[in-house]
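Structure assessment
Chain by chain, the residues:
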Amino acid sequence: MSADEPTAELDPRYSSPGAEPGPWADAEKLLSDAELYWLSTVRPDGRPHVTPLIGVWWQGALYFSTGPEERKARNLTANPEVVLTTGTNSWSAGLDVVVEGRAVQVSDEDVLARLAEAWETKYGPVWHFDVADGAFLGSLDNRADVFAVSPRTVFGFGKGDPFTQTRWRFA
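Conventions used here
- Residues numbered from 1 in each chain as written.
- Predicted model: local features only at pLDDT ≥ 70, side-chain atom pairs only at ≥ 80, totals over all residues.
- Heavy atoms only, no water.
- Salt bridge = Lys/Arg side-chain N within 4 Å of Asp/Glu carboxyl O.
- Buried < 20%, exposed > 50% of the residue type's maximum accessible area, 1.4 Å probe, protein only.
- Helix = DSSP H or I, 4+ residues; strand = E, 2+ residues; numbered from the N terminus.
- 1 Å grid on protein atoms, 1.4 Å probe; cavity = no way out; pocket = protein on both sides within 12 Å on 5 of 7 lines; lining within 4 Å.
- Points joined across faces, edges and corners; volume = space filled by probe spheres on them.
- Nonpolar A, V, L, I, M, F, W, Y, C, P; charged D, E, K, R; others polar.

Some thoughts on the pattern of salt bridges
Inspection of every chain in the model, using the stated rule, returns 10 salt bridges. One salt bridge in this structure joins D11 and R13, with 2.7 Å as the shortest N-O distance. Relative accessible area serves as the criterion here: at 12%, D11 is assigned to the buried category. Taking relative accessible area as the criterion, R13 reaches 63% and is therefore assigned exposed. Linking D33 and K29 is a salt bridge whose minimum nitrogen-to-oxygen distance equals 2.4 Å. Placement of the pair is D33 and K29 together in helix α1 (residues 24-33), with a separation of four residues, close to one helical turn. According to the relative accessible area criterion, D33 is partly exposed, its value standing at 45%. Within the structure, one salt-bridge network assembled from shared partners comprises E9, R167 and R169.

Here it is as structure tokens:
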């Protein structure tokens, strides 16, 4: 295991007999390739808020964007702790991944320019962003703040034969 690799633990209570922890490389590929993620935030009054969004896995973090007036942006101002999920809508095959971490706003314009390229490469020209004033700018001059979530803990739920529940912990 390299210094960048998280530690993996299998929870045998929710895994098939004889199962091994899922490989981090499988979870990382899913995070990179997924078209859609679900973001869970907490409203200032404590109620949960969940919304689908697109994002980019880049250099060990999951990035997403949101308009500064959107509910999720307002929630992040009060509490930056989030959960992001992606996977398959199937019981008997595939992998579901749950990322726990803190959403940190990204304002470095060099990083944002690279992320804008990654967004367009992944999702096509309809998701073209310019970069100005520490944010993405859309075609209608709409501002989108960008957030990075470096995982603290990731759960992987392998479905099928074998079923696995793996927890990856990051230093």
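Anyway, onward from the coordinates.
Let's talk about the layout of surface pockets
Gaps left between atoms show up when a probe the size of a water molecule is rolled over them. Considering only enclosed or pocket space, the largest pocket measures out at about 270 Å³ in volume. Taken together, 17 residues make up the lining of the largest pocket; nearest its centre are S65, W127, F129, N142 and A144. Looking at the lining of the largest pocket, the elements with two or more residues in it are β5 (61-66) and β10 (143-159). The residue inventory of the lining of the largest pocket, partitioned by class, reads seven nonpolar, seven polar and three charged. A volume near 150 Å³ is recorded for the second largest pocket. Surrounding the second largest pocket, 14 residues form its lining, G22, P23, L95, G158 and T164 being those nearest its centre. At the level of elements, α1, β7 (94-106), β10 and β11 (164-169) are the ones that each hand at least two residues to the lining of the second largest pocket. Residue composition of the lining of the second largest pocket, grouped by class: five nonpolar, six polar and three charged.

Shape is all these values report; function is a separate question.
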